[in-house]
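Inside the fold
Residue-level listing of the chains:
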Amino acid sequence: APWRLMMSLTPSRGCLLDLPWEDILVPYILCHLPLQQLLSLQRVSKSFQSLIQLYLANMRCFDSSQIGPAIPRAAFVNLLKDNEVLHQLALQNCSDWLTDRELLPVIGQNHHLQQIQLKGCAQLSRHALVAISLSCPSLRRLSLAHCEWVDSLSLRSLADHCKALESVDLTACRQLKDEAICYLAQKCGKLKSLSLAVNANVGDVAVEEVAKCCPELEHLDLTGCLRVKNDSIRVLAEYCPKLRSLKVKHCHNVAESSLSILRGRGVELDVEPPLQRALVLLQDVVGFAPFINLQI
């Protein structure tokens, strides 16, 4: 349907290009078309090519997944070379080739970025995070999941310059230890969502500092953090009244004695109560579970 719409609006069939480009076409028409089809529209005529280039220069949100399973390096560079007004940047489909060389110019000319998604972009370096911290003071959401190049120094730079952060995903950033997480929490007290999952270096010290410094915290992911114990979960319950979900699966030192406090407040947990787990195991073994009143 969008392709038929575009073809029906070519110069030979209408006067779409006679409408004001910046005031009408870009903000009210092109923004409703998929990015991949907008790129195809460039081939209609030179006028349409100029129109799409104007759109790309004024685009507020770029998501590489809208183009397809993989975006060529040259295409990425060309698409964003004139854009200085991005608010959202998602590059999860660029991990095979994205390096500092391609990313830093985009970051350096876009000072209004509020959301950045770099999940799995393993070929970047700590310089990318430093560039983000220096260029994006309004940053609210940042995903660095499975970016093992993130180190304590680059995270400190982020904390020093992006104090409005509300969501940070540090899943499997294995260089980070308690000290770096504590510094982030101390500087970014507005955090609402934080993932420290799959990090064996994170323990009670970091979790307690997050709890005490981030009273707005709503979501915390500690999956696989083997050094986290009951004490920090109790501190979390005490200092984070707005907590809505906590993931502690594979945290073998966290027991129901601390989780029950949060469970009683209605916090969503990814581990079942001991009795419920026993019933599930029993059902798996014998094919049914006896009726037990769990309200007792």
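What this report covers is the structure whose coordinates are included nearby. (Residues numbered from 1 in each chain as written. Predicted model: local features only at pLDDT ≥ 70, side-chain atom pairs only at ≥ 80, totals over all residues. Heavy atoms only, no water.)

Roughly 240 Å³ of volume is contained in the largest pocket. Lining the largest pocket are 15 residues, with Q115, I116, Q117, R141 and S143 sitting closest to its centre. Elements that contribute at least two residues to the lining of the largest pocket include exactly strand 1 (61-63), strand 2 (88-90), strand 3 (115-117), strand 4 (141-143) and strand 5 (167-169). Here the residues of the lining of the largest pocket sort into six nonpolar, five polar and four charged. (1 Å grid on protein atoms, 1.4 Å probe; cavity = no way out; pocket = protein on both sides within 12 Å on 5 of 7 lines; lining within 4 Å. Points joined across faces, edges and corners; volume = space filled by probe spheres on them. Helix = DSSP H or I, 4+ residues; strand = E, 2+ residues; numbered from the N terminus. Nonpolar A, V, L, I, M, F, W, Y, C, P; charged D, E, K, R; others polar.)

This part covers the state of the cysteines. A full pass over the atoms with the stated rule returns zero disulfides. Its sulfur unpaired, C173 is 6.0 Å from the next cysteine sulfur, which belongs to C147. With relative accessibility at 0%, the residue C173 sits in the buried group. (Disulfide = S-S within 2.5 Å. Buried < 20%, exposed > 50% of the residue type's maximum accessible area, 1.4 Å probe, protein only.)

In the structure shown here, the tally under the stated rule is two aromatic pairs. Relative to W97, the ring of F76 has its centre 5.5 Å away and its plane inclined at 55°; by these criteria the two rings are tilted. Taken together, the residues span a long stretch of sequence, with F76 in helix 5 (residues 73-80) and W97 in the loop between strand 2 and helix 6 (100-108) at a distance of 21 residues. What makes F76 buried here is its relative accessible area of 0%. What links up through ring pairs into an aromatic cluster is the set F62, F76 and W97. (Phe/Tyr/Trp six-rings, centres within 6.5 Å; stacked < 30°, edge-to-face > 60°.)

Turning our eyes to something else, we now look at helix 4 (residues 46-57). Note: α-helices contain 3.6 residues per turn, so residues at a spacing of three or four share the same orientation. Spanning twelve residues, helix 4 covers 17 Å between terminal C-alpha atoms, matching the ideal 16 Å at 1.5 Å per step. Every buried residue of helix 4 is accounted for by F48, L51, I52, Y55, L56 and A57. Turning to helix 4, the residues buried within the fold contact helix 2 (21-29), helix 3 (35-41) and helix 5. (Expected span 1.5 Å × (residues − 1). Contact = heavy atoms within 4.5 Å.)

Moving on, we come to the packing of helix 8 (residues 152-161) against helix 9 (residues 178-187). Look at helix 8 against helix 9: their axes get within 9 Å of each other, and the N-to-C directions meet at 5°. As summarised for this structure, helix 8 and helix 9 are arranged roughly parallel, according to the angle between their axes. Between helix 8 and helix 9, the contacting residues are S152, L155, R156, A159 and D160 on the first element and E179, A180, I181, Y183, L184 and K187 on the second. When the residues that make up the contact of helix 8 with helix 9 are grouped by side-chain class, the tally is six nonpolar, one polar and four charged. (Axes fitted to C-alpha atoms, helices over the stretch in contact; angles between N-to-C directions. Parallel < 35°, antiparallel > 145°, perpendicular 65-115°, else oblique.)

Further remarks concern the side chain of T223. With respect to the helices and strands, T223 occurs in the loop between strand 7 (219-221) and helix 11 (230-239). The exposure class assigned to T223 is buried, which follows from its relative accessible area of 18%. Residues within four places of T223 in sequence aside, it is in contact with A197, V198, K247, K249, H250 and D270.

Here the focus is the pattern of salt bridges. Evaluation of the coordinates by the stated rule reveals nine salt bridges. A salt bridge links E148 to R174; its shortest N-O distance comes to 3.1 Å. On the criterion of sequence distance, the pair formed by E148 in the loop between strand 4 and helix 8 and R174 in the loop between strand 5 and helix 9 is long-range, its members being 26 residues apart. A relative accessible area of 43% places E148 in the partly exposed class. R174 sits in the partly exposed class, given a relative accessible area of 42%. With its nearest N and O atoms 2.9 Å apart, the salt bridge here joins E256 to R263. Its relative accessible area of 21% is what places E256 among the partly exposed residues. R263 sits in the partly exposed class, given a relative accessible area of 23%. (Salt bridge = Lys/Arg side-chain N within 4 Å of Asp/Glu carboxyl O.)

Our focus in this paragraph is the environment of V254. Here V254 is to be found in the loop between strand 8 (245-247) and helix 12 (256-264). Judged by relative accessible area, which is 13%, V254 ranks as buried.

Following the sequence through the fold, C225 ends up in the loop between strand 7 and helix 11. Assessed through its relative accessible area of 0%, C225 is described here as buried. Measuring from C-alpha to C-alpha, the distance between C225 and N201 comes to 7.5 Å, with 24 residues separating the pair along the chain. Residues contacting C225, with those up to four places away along its chain left out, are L196, A197, N199, V202 and C251.

Next up on the list: helix 11. Of the positions making up helix 11, those classed as buried are N230, S232, I233, V235, L236 and A237. The secondary structure elements touched by the buried residues of helix 11 are helix 10 (204-213), strand 7, strand 8 and helix 12.

In a soluble, globular protein the nonpolar side chains are often hidden away together inside. Ranked by size, the top nonpolar core spans 91 residues in total, and within it F62, L170, L222 and L246 carry the most contacts. Excluding its chain neighbours within four sequence positions, the residues that come into contact with L170 are L144, L155, L176, I181, L184, L194, S195, L196 and A197. (Core = buried A, V, L, I, M, F, W, Y, C linked by side-chain atoms within 4.5 Å.)

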